[in-house]
Amino acid sequence: MTALRSLILGLAFVASLALPAIAQLNSEHRAYFQQWLKTADRAEQVIDARRASSAALEQLRKELTDYRQTFLAQRDGNSDRIQTLQGQLDVLGEAPGEGDAEPEDIAALRDALSSELDQLRVPRMVSQVAYNRADGLIGEIDKIIRERRTETLLERGPSPLNPEHWGLAARTLVRAGQALWNETLAQISSATTHERVRRNLPAILFLLLFAGLLIFRGRPWAHRAGDYLRQFGSSGRGVWGFIVSLLQVGLPLLGIVFAVAAVNLAGLTGSRGSLLLDFVPGWAFLILSFHWLGNQLFASKIDNDLIPVKEGRRNVTRLMVDVLAVLLVLQDALRQLEEFENVSDRAHAVLSFPLILATALVLLRLHRIGVQRRQEQSGQDGESDDGAIAAGAGHVFTLVRRAIYLLGFISPLLAAFGYVNAAEALVYPAATTLALLATLLVLHRFCGDLYGWLSGKGSEARESLFSVLIGFVLALLVLPPLALIWGARVADLTELWSQFLEGFHFGETRISPTAFLTFAVVFAVGYAMTRLIQGSLRNSLLPKTKIDPGGQNAITSGLGYVGIFLAAVVAISMAGLDLSSLAIVAGALSVGIGFGLQTIVSNFVSGIILLIERPVSKGDWIEVGGLMGYVRDISVRSTRIETFDRTDVIVPNSDLISGTVTNYTRGNTVGRVIVPVGVAYGTDPRKVEAILNEVAKAHPMVLLNPAPSVVFQGFGADSLDFEIRAILRDVNWVLSVKSDMNYEISKRFGEEGIEIPFMQRDIWIRNPEALTPAKPAAAAATPAAAPARAPLKPDLDDLQQDPDEDSDGDADADK
C-alpha cells in the first residue's frame, strides 16, 4: 500500500508539472522538487524493506527533515500577495451566473486576477503536499527506530551468572588489553615516532610542564584566587566559594587536556589507544565533576549542606559519589572497547554485570544514608520523611530517591536473568539523573547567592521570589537533558521543537510561537504607551485645564480602556491571527458568560456608564446604602469610597447605578447646614431669633446671598425649638461650621442669660402613701390624698423607705 501510494503521488506530481502554472516556475524550483521526489521514493523503499541500519535511517531522516523545513517555509510564501489579490476579487463580487451578462472589462479583470491568484497558490499547494509526505515518512522512520530500540531492551541474552561464560569474558578482556599494549609498544618503538618526538620536543615538554602545574598546583591556585575574591566583600561569600570550586575542577581538567594533547602530539598510541585517548578528557571531567558535586552537596560544614548527612557519614557519602563516577567511566570505557573489539553477547553480559551490580549497590548505599539522616531528623523535630530535605529538594527529590532505590533492586535482577540491555538502560540513567538533579540544586543555590550579593539581601535571597522563579527556569532547562539521559534521541527533541514552532490550527487560524511572541510584544508596547500617555495626561496636561478632578479621572480611565483595546486589536492584526472563524465559539462563550457572570458584566457596564455619564465623580461626597464618604477611585467593576473613619469601602458599580445615591457635591460644593437649638420656656423668642441670626451671619463660611434664616420650629416637650438654616460656600465643612456655631451660641446665650433646658418629665405615683411613714389610725382613716406631682429626681430616702417597716418606725435592716 505504501509503494502504491508513492507511485500515485509521484504520477500526480509529474502530471501537475505539465500544467501551465507549474511550467512558469523557475528551473531551480523544478529541479529541487524532482530531487525531493527521488529522495521520497528512496525513503519509502527503505521503510518497506526494513533492512537498513538505525544509523542509516537516522541519516535518511535528517535529509527528510531538511526537505520538510524547506516546504514549511514555502507553504506560507506569497501570503501578502495572495491576500491582496483575494481582496481585489472580493471587491468585484461573485461572478454572474449563466445567462447573466457582465461588462467585458470587468470580466477581463476578473480572469486576470483569478489566473494570477492560481499561479501563486500552486507552489503553496505543492509545498503543502510535499510537506505532508515528508512528515509522514519521518513519522514512519521514527516508529521503526523506536521498535528496534524496544526490541533491544526487551531482548534476553545469556545470563552472566553462568560459569561457562566467565572464561570467554576473561579471554576477551585479556585479548583486548594485550592488543592495546602491543600496539602502544610498537608505536613507541617506531622510528617514525622517535623522529616525531624529536621534532616536537619543545612543544611536548611545554605541554607536559603546563599540564603538571595545572594538575598538581591547580587547587592551591584556586584557593589563592578565592582569598583575592573575598576582598570584595563578605556578602558574596557563597559566590566566591562557588567560583573557587569551579576553578578546582577547571584547572586540573585543563591540565589533563594539555597532557592528552602532548601524548597525541608525540604519537605514542596506536589506533586503539588514540580512540580511547580521545575520551580521557571526558572521563576526567566526569570524575572531577562528581567529586566537586559531592563537596557541594555534603560540605565540610554542616550549615552549607544541601542534603543533610550525619557528621560521621560525610566522608563515606562523598566517597560513594566518587565511586559512582568511576563506575560510569568504566561502563563507558567498556562500551568504547566494544567499538573496535569483537565482543560476544556472552562476554558482554559477564563484563557488564559487575559494573551494574556495583552501581546498584552504590545507589542503595546513598539511599540508605539519606534514610538514616531523615529518620534522625524526624525523631528530633518531628519532620516527615518528605519534608526533611534541605530547602529546594522537597518532594521531587524524595520521589526520585525512592524511584532510584527501586531501580537499584531491579537492575541486578534483570541482568542476572539475561536482560543486560534493560538493566543498563535503567541503572546508569538513574545514577546520571541523580547527579543532574543534584547539579540543579547546586546551581539554584548559586543563583540565590548571586542575587543576594547583587541586591544586598545576603542569604535571605534564597527564600525570595526571584529564587523560586530561577528554580522554575532551571527545572524547565533540565527537561531536555533528562529526556536524553533516559533514551530519547536528539531527533525526537528536534521533532518536538519543530512541532512547537509550527504551532497548531484553531479553525482556520494557525497559532504559532512566533505569532504569540509577536502578539505579546506588540500588546506590551501598546500597553506601555497607553500607561505613559495616561500618566502624562494625569500629571501634566489635565491639571492645567479647568476640568474638575472627576472629569480628569474619567478621561484618563476611558483612555486607558480604549488604549488597551486598540493594543489588543493591533497585536492580533500584527500576529496575523484571523479570528473570524471563532465567531461562533465566541458567541457561545458570550452566552455562557452572560449567564455565569451576570454580576461581573453588570458591574462592568455600570462602570462604563459612570465614567461616561458621570453621576458620581472622583472626589464627590456621596451617601449610598447607609455609607457616607468621598469617592476615591472608579474602576470598571467597583468604586472605592473613603469614609470619614478613614476606611475604604468597595461598592459594586451596579449599586451606584440601580440604587439611590445622595451626592452632596455634584456640580459644586455649595450646600446647606441646619443647626437645631432649644431654649427654656419663658424666653423671648424674638431675642433668640436675633442672636441666632447674628451668629449665622458672622460665620465666614455662610453665604449672605441667600441670607441665613432662623425658623421657630415649635413648642417641644422641654424647650422652644429653633433652627438655623444657612447656605455654605463648601458643604465639606458642614461639621466644622455646626461646631463653630454651637460654640458661639453657647457663649452668647450665657452672656444674655438664656437657659438651654435639660429634659424634664412629670411622674404620677398611684399610691403615694407607700412613700410616707405609718400614721395613727385617725390619720390613716383620712381619705387618700390626690396624686401629687413629683420632680424627675425624687428623694432617695423616700424611695428607699420600706413600706413594711416596724411599728416603732425603724426599717427592717434585712430589707
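Residues numbered from 1 in each chain as written. Predicted model: local features only at pLDDT ≥ 70, side-chain atom pairs only at ≥ 80, totals over all residues. Heavy atoms only, no water.

### With respect to helix α7 (residues 166-188)
Given 3.6 residues to a turn, an α-helix orients residues that are three or four positions apart in the same direction.
Consideration 1: The end-to-end C-alpha separation of α7 is 33 Å, in line with the 33 Å expected for 23 residues at 1.5 Å each.
Consideration 2: What α7 keeps buried is the set Leu 168, Ala 169, Thr 172, Ala 176, Glu 183 and Thr 184. (Helix = DSSP H or I, 4+ residues; strand = E, 2+ residues; numbered from the N terminus. Expected span 1.5 Å × (residues − 1). Buried < 20%, exposed > 50% of the residue type's maximum accessible area, 1.4 Å probe, protein only.)

### Things to note about the packing of aromatic side chains
Consideration 1: One pass over the full model with this rule turns up 20 aromatic pairs.
Consideration 2: Between Phe 712 and Phe 715 the ring centres are 5.5 Å apart and the planes differ by 65°, which places this aromatic pair in the edge-to-face class.
Consideration 3: Members of the aromatic cluster, joined through ring pairs, are Tyr 32, Phe 33, Trp 36, Tyr 67 and Phe 71. (Phe/Tyr/Trp six-rings, centres within 6.5 Å; stacked < 30°, edge-to-face > 60°.)

### Let's talk about the side chain of Ser 411
Consideration 1: Mapping Ser 411 onto the fold places it in helix α15 (residues 394-416).
Consideration 2: Within the local environment of Ser 411, its side chain forms a polar contact with the backbone oxygen of Leu 407, the two atoms lying 2.9 Å apart.
Consideration 3: With near-sequence residues (within four places) excluded, Ser 411 lies in contact with Ile 356, Ala 423, Leu 426 and Val 427. (Polar contact = N/O pair within 3.5 Å; in protein donor to acceptor, adjacent residues only side chain to side chain. Contact = heavy atoms within 4.5 Å.)

### As for unusual backbone geometry
Consideration 1: The peptide bond linking Asn 705 to Pro 706 adopts the cis configuration, its omega dihedral lying at 5°.
Consideration 2: On the secondary structure map, Pro 706 appears in the loop between α25 (685-698) and β9 (709-715).
Consideration 3: Phi at Arg 50 is positive, roughly 60°, even though this residue is not glycine.
Consideration 4: Residue Arg 50 is classed as partly exposed on the basis of its relative accessible area, which comes to 43%.
Consideration 5: For Arg 646, which is not a glycine, the phi torsion comes out positive at approximately 65°.
Consideration 6: Counting through the fold element by element, Arg 646 comes out in the loop between β5 (638-643) and β6 (648-652).

### Notes on the sheet that holds strand β4 (residues 627-634)
Each strand in a sheet pairs with its neighbour through backbone hydrogen bonds, running either in the same direction (parallel) or in the opposite one (antiparallel).
Consideration 1: Pairing in this open sheet of five strands is antiparallel, and the strands run β6-β5-β4-β3-β7 from one edge to the other. Sheet topology places β6 and β7 (661-663) at the edges, where each strand pairs with a single neighbour. If you compare each strand with its neighbour and ignore which way they point, the axes differ by 40° on average. (Pairing = 2+ DSSP bridges. Axes fitted to C-alpha atoms, helices over the stretch in contact; angles between N-to-C directions.)

### Re the pattern of salt bridges
Consideration 1: In total, this model carries 21 salt bridges according to the counting rule given.
Consideration 2: Note that Asp 41 is salt-bridged to Arg 133, the shortest N-O span being 2.9 Å. With Asp 41 in helix α3 (residues 27-49) and Arg 133 in helix α6 (residues 104-154), this residue pair connects regions lying 92 residues apart in the sequence.
Consideration 3: Residue Asp 41 is classed as partly exposed on the basis of its relative accessible area of 29%.
Consideration 4: Judged by relative accessible area, which is 10%, Arg 133 ranks as buried.
Consideration 5: The partner of Asp 66 in a salt bridge is Lys 62, with the nearest N and O atoms 3.8 Å apart. Of this pair, Asp 66 and Lys 62 both sit in helix α4 (residues 54-75), four residues apart, which is roughly one turn of that helix.
Consideration 6: Bridged by salt links that share partners, the residues Glu 58, Arg 61, Asp 142, Arg 489 and Asp 492 form one connected network. (Salt bridge = Lys/Arg side-chain N within 4 Å of Asp/Glu carboxyl O.)

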